[in-house]
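What follows is each chain in one-letter form.
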Amino acid sequence: MSTKTEEIKEETKPKKEKAPKEEKGDSSKKKKTYTVEELLGQGERMELFDEYGKKKKIKVKIQEGKLKKRENRMGYFFIIPYVVGVLLCLAYPLILSAIYSFHFVRLLPGGGTDLQFKGIQNFTRVFEKNITLSTEMMTLITKLILGVPLIVVLALIIAMMLNMKLKGKGIYRTIFFLPVIIVSGPVMSMITSESTGNGIQAVDTTIIEEALASALPLWMANSVQWVFENIILLLWYSGVQILIFLAALQKIDTSLYEAAKIDGGSNWECFWKITLPTIRPMLLLNAIYTVVFMSQDSIITPIVVWLRDAITGVEGYGYSAAFAWMYAFVVLIFVGVVALCFMPKPDVYAKQIKKNKKLEKKTRKNLAKHQKQLVKNQVKLQKAIAKEEKMKLAGKDLGGGKYDD
């Protein structure tokens, strides 16, 4: 009976709540972790500012549910193939080619490689072997400067036309996307090889060529002449961009246009105030895609053919890796310039809010610094008063002599 009564007493005793673990060291330096229940329980008693007026950073511990944990696990499971593919098919070849670019690579009969360090000799050899490389690079950059805006603008115009209410829109979309398939095959090579001047001409450009040759440098005249000769080719290159713009245009809420029409907005104003700001991220995407696509096409520049021949040439893998890295570096610089040109500008109001937050943070910091200095001065004053009191009790003044009442 005694044991039963003891068990009943133990059950009836109120269970003590587990006290939160005290943090070691100074509690002001380490942040306390709160649960959501603790935050809701404290309510207005939660101190949001410290003694210096600085806002505290409250760390909240949120326990995820089983469904959330399972979704996270499935997300990690689905991105594993992508991560493995990036590491094996992208990161490893890039690192290996960067190592090869500074070495002379010799293939061994057993399947291995023998690396002999050459420093920057492979990079200097690229300029020595390809005398016209700098001229071709400038020609490529000029073609990109002229061709990228032209392709993006043509793609946007055609996408807006295909987004209108037309009969048989699906047929038109198929027709404009067909060149993407044709360009990637041997058909395009046959067309360009049989056409005059190795390009698809829409009009006779003899007079334009003579005017350009007399007014511009050779590399710039060749680029502008190439654009005039290949207007149809540039139109063919805009298939993917048309689809991207078309998808972006179909996502715009039609109520915005209705509200603008009610306020008296014209089609031109609707384009500049609604359409263009909404699809601005797609402009950046299409511009970068066009730069990468054009820089990899042998019809645009012969450097791609030189790179292809360098792999199977006498110079070996080290020379071809150095050549590829130099070309990739130039293309990446141009991609960065395009990204800066098409990158959306920050909102004026968001910029002002950010500026006000910085000013508020700076003011709080100065106020906290001032409060700390006041506390330090007060501590010094208290110490000086205590020291003076001790000296008075000892019968000495501040000069060191006897103290007379």
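Everything here concerns the structure above.
Here the structure is a predicted model, which is why all the values come from computation and not from measurement.

**What about the overall build of the protein chain?**
Turning to step 1, where the next piece is worked out: Within the protein chain one finds 17 helices and four strands.
Turning to step 2, where the next piece is worked out: When each of the 405 residues of the protein chain is scored for burial, the buried share is 23%.
Turning to step 3, where the next piece is worked out: Summarising the internal contacts of the protein chain: among those between residues at least 6 apart in sequence, 63% fall at separations of at least 24.
Turning to step 4, where the next piece is worked out: Entry remark: accessible area of the protein chain is about 30200 Å², with carbon and sulfur atoms responsible for 63%.

**Side note on the pattern of salt bridges**
Turning to step 1, where the next piece is worked out: Under the definition given, this model contains two salt bridges.
Turning to step 2, where the next piece is worked out: Note that Arg125 and Glu128 form a salt bridge whose closest N and O atoms lie 3.9 Å from each other. Here Arg125 and its partner Glu128 are both found in helix α4 (residues 121-129), three residues apart, which amounts to about one turn of the helix.
Turning to step 3, where the next piece is worked out: A relative accessible area of 32% means that Arg125 is categorised as partly exposed.
Turning to step 4, where the next piece is worked out: For Glu360, the salt bridge goes to Arg364, with nearest N and O atoms at 3.6 Å. Remark: Arg364 and Glu360 occur in helix α17 (residues 348-393); sequence separation between them is four residues, near one turn of the helix.
Turning to step 5, where the next piece is worked out: Take Arg364: its relative accessible area is 30%, and that puts it in the partly exposed class.

**Things to note about α4**
Turning to step 1, where the next piece is worked out: For α4, every residue scored as buried is listed here: Asn122, Phe123 and Val126. Take α4 and look down its axis: the buried residues cluster within an arc of 105°, on one side only.
Turning to step 2, where the next piece is worked out: Its buried side turned inward, α4 meets α3 (66-100), β3 (103-107), α5 (133-162) and α16 (317-342).

**Considering the layout of surface pockets**
Turning to step 1, where the next piece is worked out: Taken as a whole, the second largest pocket spans an internal volume of roughly 790 Å³.
Turning to step 2, where the next piece is worked out: In this structure, the second largest pocket is lined by 26 residues; those nearest its centre are Met160, Leu249, Tyr257, Phe271 and Thr275.
Turning to step 3, where the next piece is worked out: Split into classes, the residues belonging to the lining of the second largest pocket amount to 17 nonpolar, five polar and four charged.

**Observations regarding the packing of α5 against helix α11 (residues 239-250)**
Turning to step 1, where the next piece is worked out: Two elements in contact, α5 and α11, have axes separated by 8 Å at closest approach and are oriented at 50°. One finds that α5 runs oblique with respect to α11. Regarding α5 and α11, the two cross each other, and that crossing is right-handed. Two secondary-structure elements touch here, α5 through Ile151, Val152, Ala155, Leu156, Ile158, Ala159, Met160 and Leu162 and α11 through Gln241, Ile242, Phe245, Leu246 and Leu249.
Turning to step 2, where the next piece is worked out: In terms of residue class, the contact of α5 with α11 is built from twelve nonpolar, one polar and no charged.

**A short note on a nonpolar patch on the surface**
Turning to step 1, where the next piece is worked out: Residues Met74, Tyr76, Phe77, Phe78, Ile79, Ile80, Tyr82, Val83, Val84, Leu87 and Leu88 make up a contiguous nonpolar surface patch of roughly 1200 Å² in combined accessible area.
Turning to step 2, where the next piece is worked out: Positionally, Phe78 belongs in helix α3.
Turning to step 3, where the next piece is worked out: Judged by its relative accessible area of 59%, Phe78 is exposed.

The rules behind these values
Residues numbered from 1 in each chain as written. Predicted model: local features only at pLDDT ≥ 70, side-chain atom pairs only at ≥ 80, totals over all residues. Heavy atoms only, no water. Helix = DSSP H or I, 4+ residues; strand = E, 2+ residues; numbered from the N terminus. Buried < 20%, exposed > 50% of the residue type's maximum accessible area, 1.4 Å probe, protein only. Contact = heavy atoms within 4.5 Å. Areas by Shrake-Rupley, 256 points an atom, 1.4 Å probe, with all protein chains shown as cover. Salt bridge = Lys/Arg side-chain N within 4 Å of Asp/Glu carboxyl O. Arc of directions from axis to C-beta. 1 Å grid on protein atoms, 1.4 Å probe; cavity = no way out; pocket = protein on both sides within 12 Å on 5 of 7 lines; lining within 4 Å. Points joined across faces, edges and corners; volume = space filled by probe spheres on them. Nonpolar A, V, L, I, M, F, W, Y, C, P; charged D, E, K, R; others polar. Axes fitted to C-alpha atoms, helices over the stretch in contact; angles between N-to-C directions. Parallel < 35°, antiparallel > 145°, perpendicular 65-115°, else oblique. Left-handed = near helix turned anticlockwise from the far one by under 90°. Patch = residues over 30% accessible without salt bridge, like charges linked within 9 Å, V, L, I, M, F, W, Y side chains within 5 Å.

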